[in-house]
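Architecture at a glance
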Amino acid sequence: MSTERFDCHYCKDSLLGKKYIMKEDTQYCTKCYENLFANCCDGCSLPIGCNSKDLSYKDHHWHDQCFNCAKCSRSLVEKAFAAKDELMLCTECYSHEYSSKCTTCNKTIMPGSRKMEYKGNSWHETCFLCHRCHQPIGTKSFIPKDTGYFCVACFEKQFAYQCCACKKAITTGGVTYQDKPWHRDCFLCISCKKQLSGQRFTSRENYPYCLECFSNLYAKKCVGCTKAITSLAGAKYISFEERQWHSECFTCMLCSVSLVGRGFLTQRDNILCSDCGREK
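Attention here is on the structure that accompanies the text. The model shown is predicted, which means the values in this text are computed figures rather than measured ones. Per chain, the residues get numbers from 1 upward, laid out in the order the sequence is written. Only residues with pLDDT of 70 or above have their local features reported here, since the model is predicted, and side-chain atom pairs are shown and tallied only from 80 upward, although totals for entire chains, interfaces and linings are computed over all residues. Excluding hydrogens and water, the side-chain figures rest on all heavy atoms present in the structure.

Glancing now at the environment of Phe-155. Of note, Phe-155 is situated in helix H3 (residues 152–158). Each C-alpha atom, one on Phe-155 and one on Ser-113, is 28 Å from the other, the two residues being 42 residues apart in sequence. Here a residue-residue contact requires only that any non-hydrogen atoms of the pair lie within 4.5 Å. Residue contacts for Phe-155: discarding those within four places in its chain leaves Ile-143, Lys-145, Phe-150 and Ala-160. Under the DSSP-based scheme used, a helix requires at least four consecutive residues in state H or I and a strand at least two consecutive residues in state E, with every element numbered from the N terminus.

Summarising the element assignment, His-183 is placed in the loop between strand E14 (180–182) and strand E15 (201–204). Beyond its immediate chain neighbours, meaning those up to four positions away, His-183 contacts Cys-163, Cys-166, Lys-168, Ala-169, Ile-170 and Val-175.

Moving on to the packing of aromatic side chains. The pairing test for Phe, Tyr and Trp rings, Trp by its six-membered ring, is centres within 6.5 Å, and the orientation test on the planes gives stacked under 30 degrees, edge-to-face over 60, and tilted for anything in between. Tallied over the full model, the rule gives 26 aromatic pairs. Summarising the aromatic geometry, the rings of Phe-128 and Phe-142 are spaced 5.2 Å apart at their centres and angled 85° between planes, so their arrangement reads as edge-to-face. Of the two residues, Phe-128 sits in the loop between strand E8 (121–124) and strand E9 (142–145) while Phe-142 sits in strand E9, which places them 14 residues apart along the sequence. Throughout this description, buried means an accessible area under 20% of the type-specific maximum (1.4 Å probe, protein chains only), exposed means over 50%, and partly exposed covers the range between. The exposure class assigned to Phe-128 is buried, which follows from its relative accessible area of 2%. For the pair Tyr-177 and Trp-182, a centre-to-centre distance of 6.5 Å together with 55° between the ring planes defines the contact as tilted. Look at Tyr-177 and you get buried, because its relative accessible area is 11%. Of the aromatic side chains, those joined through ring pairs into one cluster are Tyr-118, Trp-123, Phe-128, Phe-142 and Tyr-149. Placement of a charge over a ring requires the Lys NZ or Arg CZ to be within 6 Å of the ring centre, with the centre-to-atom vector within 35 degrees of the ring normal. For the cation-ring pair, Arg-204 lies above Tyr-218, with the distance from its terminal atom to the ring centre recorded as 4.1 Å.

Relative to the helices and strands, Glu-125 resides in the loop between E8 and E9. Of the residues examined, Glu-125 reaches a relative accessible area of 25% and is grouped as partly exposed. For Glu-125, the side chain forms a polar contact with the side chain of Arg-114, separated by 3.5 Å. Whenever two N or O atoms come within 3.5 Å, that pair is a polar contact, provided that in protein one can donate a hydrogen and the other can accept it, and provided that, for residues adjacent in sequence, both atoms are side-chain atoms.

Take helix H2 (residues 91–98) next. Within the span of H2, buried status applies to Thr-91, Cys-93, Tyr-94 and Ser-95. Looking at the buried positions of H2, the neighbouring elements they touch are strand E5 (81–84) and strand E6 (87–90).

Let us look at unusual backbone geometry. Negative phi is the rule for most residues except glycine; trans is the rule for most peptide bonds. Here the phi dihedral of Asp-25 falls at roughly 65°; this positive angle occurs in a residue that is not glycine. One can find Asp-25 in the loop between strand E1 (20–23) and strand E2 (26–29). Note on Asp-25: relative accessible area 75%, which makes it exposed. Non-glycine residue Gln-178 carries a positive phi angle of around 55°. If you trace the backbone, Gln-178 turns up in the loop between strand E13 (175–177) and E14. Using a relative accessible area of 38% as the deciding quantity, one classes Gln-178 as partly exposed.

Pasting the structure below:
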């Protein structure tokens, strides 16, 4: 009675009663499997046999006893590690060699820990503090001033101008009027509340007015056109017996000739040129 053969696929040695390894539904003796398929250890350059653990990282392989820190030689098995230029390092060695140092405490900022960075400097999250209140700034907004860093609230309290209208801090922009600071949104016409920032305006009794309100409230009215006479743009006007005219409105009532620089006659409330006055 014949017995079916069970041989190594590569060397054809019988595998009956021996240890073997299956790969893709094909059996191999351990020696052939290691020669054909075993990974080479990056540490000792020997094959990683069937009886050894194969530790791998990015296509690199090690025996478990060879997976050590390239600097201090401590085992990295089941420990945190970092890779640098294909060298495997424990976190302590990596930190000592390559990690940033905290600007405040001068200690290493360990890999994986949160850090703050600004203009080439680094801090532990708990070391990056407001210069005034000494609270961690974290991911909140901050403002640099001289050699310190301030949270927004402390900067406003210590350095920012206070708007004379709303009494709140001016953090950006702002305007100055009569040596007093204002938010742009707070600098308004005292009459109509129109924003004056970037607009032409004038004042009366130290209060700011837009040109329209000032003209309506305080400017003299032209007898000819009844519109306000304002000298803000350098406009000239004629004044006679407590009445005023724009220079272009100071004309003869009958013939409309300009009377600027010419003699004229009055007839009740009317102004006439000399010719029309004589005809009357």
